Amino acid sequence: MKYATNGTSPNTAVVGLQWGDEGKGKIVDLLTAEHDVIVRYNGGANAGHTVEVAGERYALHLIPSGILNPGKRNVIGNGVVVDPEKLLEEIDRLRSRGVKIAENLQVSDRAHVVMPYHKEQDAALEEFLSNVASSERGSLAIGTTRRGIGPAYADKINRSTAIRMGDLLDAEYLRDRLRVICRLRTAELKALGVQAPPLDPDALAERFAKLGDRLRPHITDTVYALHDSMRTGKTLLFEGANACLLDIDHGTYPYVTSSNCSTLGIPPGTGVPGNNIGRILGIMKAYSSRVGAGPFPTELLDETGNLIREKGREYGTTTGRPRRTGWLDLVAVKYSSMVCGATGVACTLFDVLAGFDELKICTQYRMADGSIVDRFLPDARMLAKATPIYTTFKGWTEELRDVSDRKSLPINAAKYLAFIEEYLGIPIEMVGVGPDRRHTLVGV
Ligand code: GDP
Ligand code: IMO
Ligand code: MG
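For every chain, the first residue of the written sequence is number 1, and numbering continues from 1 along that sequence. For this description, chains carry letters from A and ligands carry numbers from 1, given in the order in which they are written. Reporting in this predicted model follows two pLDDT cut-offs: at least 70 for local features of residues, and 80 or more for side-chain atom pairs to be given and counted; totals over whole chains, interfaces and linings ignore these cut-offs and use all residues. By convention in this description, side-chain values take in all heavy atoms of the structure and omit both hydrogens and water.

Some remarks on the overall build of the protein
For step 1, the next point in the chain: Secondary structure elements follow DSSP: runs of H or I of four or more residues count as helices, runs of E of two or more count as strands, with numbering from the N terminus. On a plain count of helices and strands, the protein comes out with twelve helices and 20 strands.
For step 2, the next point in the chain: Relative to a compact globule of 444 residues, whose C-alpha radius of gyration would be 22 Å, the protein shows 22 Å and is just as compact.
For step 3, the next point in the chain: Seen through its principal axes, the protein has C-alpha atoms that stretch 65 × 60 × 55 Å.
For step 4, the next point in the chain: Remark: exposure states derive from per-residue accessible area (1.4 Å probe, protein chains only) relative to the maximum for the residue type, with buried under 20%, exposed over 50%, and partly exposed in between. Buried positions account for 56% of the 444 residues belonging to the protein.
For step 5, the next point in the chain: Looking at the protein, you have 54 positive and 54 negative side-chain charges, and the mean spots of the two groups are 2 Å apart. Computation of the radius of gyration draws on C-alpha atoms alone. For the globule rule, the value is 2.2 Å times the number of residues to the power 0.38. Two residue types count as positive, namely Lys and Arg, and two as negative, namely Asp and Glu; His and chain ends fall outside the count. All charge positions are set by atom: Lys at NZ, Arg at CZ, Asp at CG, Glu at CD.

As structure tokens, this is what we get:
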């Protein structure tokens, strides 16, 4: 029997395989050259993607990391939660550095809006949880970025209290909705202990209608725009924000973000079906890092952890918080590769590992009852009971910044990468040896 197939799609997805900050921005910027449209499908201004080009450093939060490449289209899909003020700040900041932003940026009319009260709710809930829970069974606070992400997605699911980007273009409709929403929100914020005057719906409606006016040239039906692009032979590059282990369904719940940041979020977050993604490049650091609360079996709370933090400049791009650091956890990465359907990986920040006598990679966990497991435990309570079992590797002293191809890597560095490839069963297609676009070894 014959079957129809989709052939091989030329579209690519880039996704983080750990807890974020794997260097996705740099890889997206690099792959932009081979694609026409760069698409964000999830998250919001909680993301911080760094791109370095010729000594210039750019931090992107809402705008896709393809924006620095002239002639490419950048799309903020319907699955993103957009803080219009932050977006306009980002546009202004980039323009002031000579980056063109005009018809090359499109924002979905169906993307949900992060309102000021979402950020207040986010902060107030985190404060409330930090205070009440500290005397009980540890804090329930997540350590969010306080960018209003959770409350904005909660409103999306609640429906009646949500505002979408398209709504900003209709001042009257916006005001009517806000009159109801503000009544509810004022009461909720008061219950969370926020001492503030009641929310003023008319002032808020006026302020957000103005923001809508400024963003009007960019707001459009991105679902049709993306399908029109594909029909005319253009290729798409999907840029994941956050990372698979922070995925609301498949991450270390409840210490996760509020969207599907794995590649599973691409179809709902863009309106492009999954069979239009041919290549899925998972991004993994050569070690591990995590910001915010939640279990982290290979965390290093010692001098080695500090050394990795300093060498890797492991401070948040969005909040400036020091990132927690630890050895590479391949049980976690293999799980993420499986969930995301990774066809290859990029191993980033490899240069950071130079100069250690020995390096460790976690390949299994020992549980509290002595049993050994080689499966990830995507539940915070279970994962907190896992102790890593390590394979130890000899280190290397040579700095890697100036290495230009994989064959020239020190032998111990090559062995470290070969072990990762063997364990994951998929090729390492890129190796990051420095923050700049050019510090990337491409090829298997
Ligand atoms: P993202 O959120 O996944 O885009 O990653 P971030 O930008 O938050 O964090 C990654 C950090 O590592 C940034 O400061 C990048 O400039 C930097 N970076 C990316 N790749 C490399 C690499 O291969 N080596 C080094 N040393 N730094 C890198
Ligand atoms: P990029 O795209 C690292 C973490 C937060 C917190 C949890 C929930 O730069 O890799 P949220 O504000 O989303 O409700 O916070 O998720 N988090 C990230 N950590 N990198 C990110 O994005 C993150 N986005 C969210 O620190 O623990
Ligand atoms: Mg980041």
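Next comes the rest of the description.
Points about unusual backbone geometry
For step 1, the next point in the chain: A cis amide bond, omega 5 degrees, links Y253 with the succeeding residue P254.
For step 2, the next point in the chain: Along the chain, the position of P254 falls in the loop between strand 10 (236–239) and helix 8 (266–270).
For step 3, the next point in the chain: The backbone of R146 sits at a positive phi, close to 60 degrees, despite the residue not being glycine.
For step 4, the next point in the chain: With respect to the secondary-structure elements, R146 resides in the loop between helix 3 (116–133) and helix 4 (149–158).

Considerations on the site of ligand 2
For step 1, the next point in the chain: Every one of the 20 residues lining ligand 2 counts as a neighbour, but K24, H49, T145, N242 and T257 are closest to it.
For step 2, the next point in the chain: By the criterion applied in these results, polar contacts are pairs of N or O atoms within 3.5 Å in which, for protein atoms, one can donate a hydrogen and the other can accept it, and in which residues neighboring in sequence qualify only through two side-chain atoms. Within the contact set of ligand 2, an oxygen atom lies 2.7 Å away from a side-chain nitrogen or oxygen of K24.
For step 3, the next point in the chain: Looking at the shell around ligand 2, its residues break down into seven nonpolar, ten polar and three charged.
For step 4, the next point in the chain: The source of the domain bounds is an automatic or database domain assignment. For the shell around ligand 2, the domains that each give at least three residues are domain 1 (12–109 + 221–442) and domain 2 (112–215). Put simply, a residue is near a molecule or strand once any heavy atom of it comes within 4 Å of that molecule or strand. When residue character is reported, Ala, Val, Leu, Ile, Met, Phe, Trp, Tyr, Cys and Pro are called nonpolar, Asp, Glu, Lys and Arg charged, and the others, Gly included, polar.

Some points on the site of ligand 1
For step 1, the next point in the chain: By nearness alone, 21 residues border ligand 1, and G23, K24, G48, T50 and D351 come closest of all.
For step 2, the next point in the chain: At a separation of 3.1 Å, an oxygen atom of ligand 1 approaches a polar backbone atom of E22.
For step 3, the next point in the chain: All accessibility values rest on the Shrake-Rupley procedure with a 1.4 Å probe; residue burial counts only the protein chains present in the view. Considering ligand 1 on its own, with 590 Å² of exposed area, one finds that the protein chains cover 97% of that surface.
For step 4, the next point in the chain: Contributing elements (two or more residues each) for the shell around ligand 1: helix 1 (24–32) and strand 3 (49–53).

A closer look at the packing of helix 5 (residues 171–191) against helix 6 (residues 201–215)
For step 1, the next point in the chain: Two elements in contact, helix 5 and helix 6, have axes whose closest approach is 8 Å; the angle formed by their N-to-C orientations is 140 degrees. The pairing of helix 5 with helix 6 is recorded here as oblique in orientation. Crossing angle aside, the handedness with which helix 5 passes helix 6 is right-handed. Contacts between helix 5 and helix 6 pair A171, L174, R175, L178, R179 and C182 from the former with P201, D202, L204, A205, F208 and A209 from the latter.
For step 2, the next point in the chain: Grouping the amino acids of the contact of helix 5 with helix 6 by side-chain chemistry returns nine nonpolar, no polar and three charged. Only the stretch in contact is used when fitting a helix axis, every axis being a line fitted to C-alpha atoms; angles between N-to-C directions are given from 0 to 180 degrees. An angle below 35 degrees is read as roughly parallel, one above 145 as roughly antiparallel, one from 65 to 115 as roughly perpendicular, and any other as oblique. By the definition used in this description, the sense in which the near helix is turned from the far one sets the handedness, with an anticlockwise turn below a right angle giving left-handed and a clockwise turn giving right-handed. Should any heavy atoms of two residues lie within 4.5 Å, those residues are counted as being in contact.

Remarks on the coordination of the magnesium ion (ligand 3)
For step 1, the next point in the chain: Listed as protein donors to the magnesium ion (ligand 3) are D21 (OD) and G48 (O); their distances from the metal cover 2.0 to 2.2 Å. Taken as a pair, D21 in the loop between strand 1 (12–16) and helix 1 and G48 in the loop between strand 2 (37–40) and strand 3 lie far apart in primary sequence, 27 residues in all. Each metal site is built from N, O and S donor atoms within 2.8 Å (3.2 Å for Na, K and Ca), and since water is not included, such sites may look incomplete.

Some thoughts on the side chain of R290
For step 1, the next point in the chain: By the secondary structure assignment, R290 is in strand 12 (residues 288–290).
For step 2, the next point in the chain: Salt bridge, as used here: a side-chain nitrogen of Lys or Arg that lies within 4 Å of a carboxyl oxygen of Asp or Glu. At 8.1 Å, E299 is the nearest oppositely charged side chain to R290, a buried residue that forms no salt bridge.
For step 3, the next point in the chain: Reaching out from R290, the side chain makes a polar contact with the side chain of T252 at a distance of 3.2 Å.

Observations concerning helix 1
Because the α-helix completes a turn every 3.6 residues, residues three or four places apart line up on one side.
For step 1, the next point in the chain: Burial within helix 1 is extensive, with eight of its nine residues counted as buried.
For step 2, the next point in the chain: Three or more residues of helix 1 are buried, namely K24, G25, K26, I27, V28, D29, L31 and T32.

Topic: the domain arrangement of the protein
For step 1, the next point in the chain: Taken domain by domain, the protein holds domain 1 (12–109 + 221–442) and domain 2 (112–215).
For step 2, the next point in the chain: In this structure, domain 1 and domain 2 have C-alpha centres spaced 28 Å apart.
For step 3, the next point in the chain: Taken together, the contact between domain 1 and domain 2 spans 32 residues of the former and 26 residues of the latter.
For step 4, the next point in the chain: For the pair domain 1 and domain 2, the summed buried area comes to about 2,200 Å², and 58% of that belongs to carbon and sulfur atoms.
For step 5, the next point in the chain: One can count three salt bridges joining domain 1 with domain 2. Accessible-area loss on putting two parts together, using a 1.4 Å probe and summing over both, is the definition of buried area adopted here.

Some thoughts on the packing of aromatic side chains
For step 1, the next point in the chain: Geometry of aromatic contacts follows a simple scheme: Phe, Tyr and Trp rings, the Trp one being its six-membered ring, pair when their centres are within 6.5 Å, and the pair is stacked under 30 degrees between planes, edge-to-face over 60, tilted otherwise. Applying the stated rule across the entire model yields ten aromatic pairs.
For step 2, the next point in the chain: An angle of 75 degrees between the planes, with centres 5.5 Å apart, marks the rings of F393 and Y416 as edge-to-face. Taken together, the residues F393 in strand 18 (residues 387–394) and Y416 in helix 12 (residues 411–424) connect sequence positions 23 residues apart.
For step 3, the next point in the chain: Through successive ring pairs, a cluster of aromatic residues spans F350, F393, W396, Y416, F419 and Y423.
For step 4, the next point in the chain: Placement of a charge over a ring requires the Lys NZ or Arg CZ to be within 6 Å of the ring centre, with the centre-to-atom vector within 35 degrees of the ring normal. The residue whose ring lies beneath R97 is Y58, and the NZ or CZ to ring-centre distance is 4.0 Å.
For step 5, the next point in the chain: A cation over a ring is seen here: K334 above Y423, with NZ or CZ 5.2 Å from the ring centre.

Regarding the sheet that holds strand 11 (residues 279–285)
For step 1, the next point in the chain: What makes two strands pair is DSSP finding at least two bridges between them. The strand order 9-7-5-2-10-1-11-15-19-20 describes an open sheet built from ten strands, whose pairing is mixed. One side of each edge strand has no neighbouring strand; the edge strands of this open sheet are strand 9 (219–220) and strand 20 (440–442).
For step 2, the next point in the chain: Bridge analysis of strand 19 (residues 428–432) against strand 20 gives three bridges, and the strand direction is antiparallel. Note that in strand 20 the partner of V431 across the bridge is L441.
For step 3, the next point in the chain: Each of strand 1, strand 2, strand 10, strand 11, strand 15 (344–348), strand 19 and strand 20 is contacted by helix 1, which is oriented at about 165 degrees to strand 1, the strand it contacts most.

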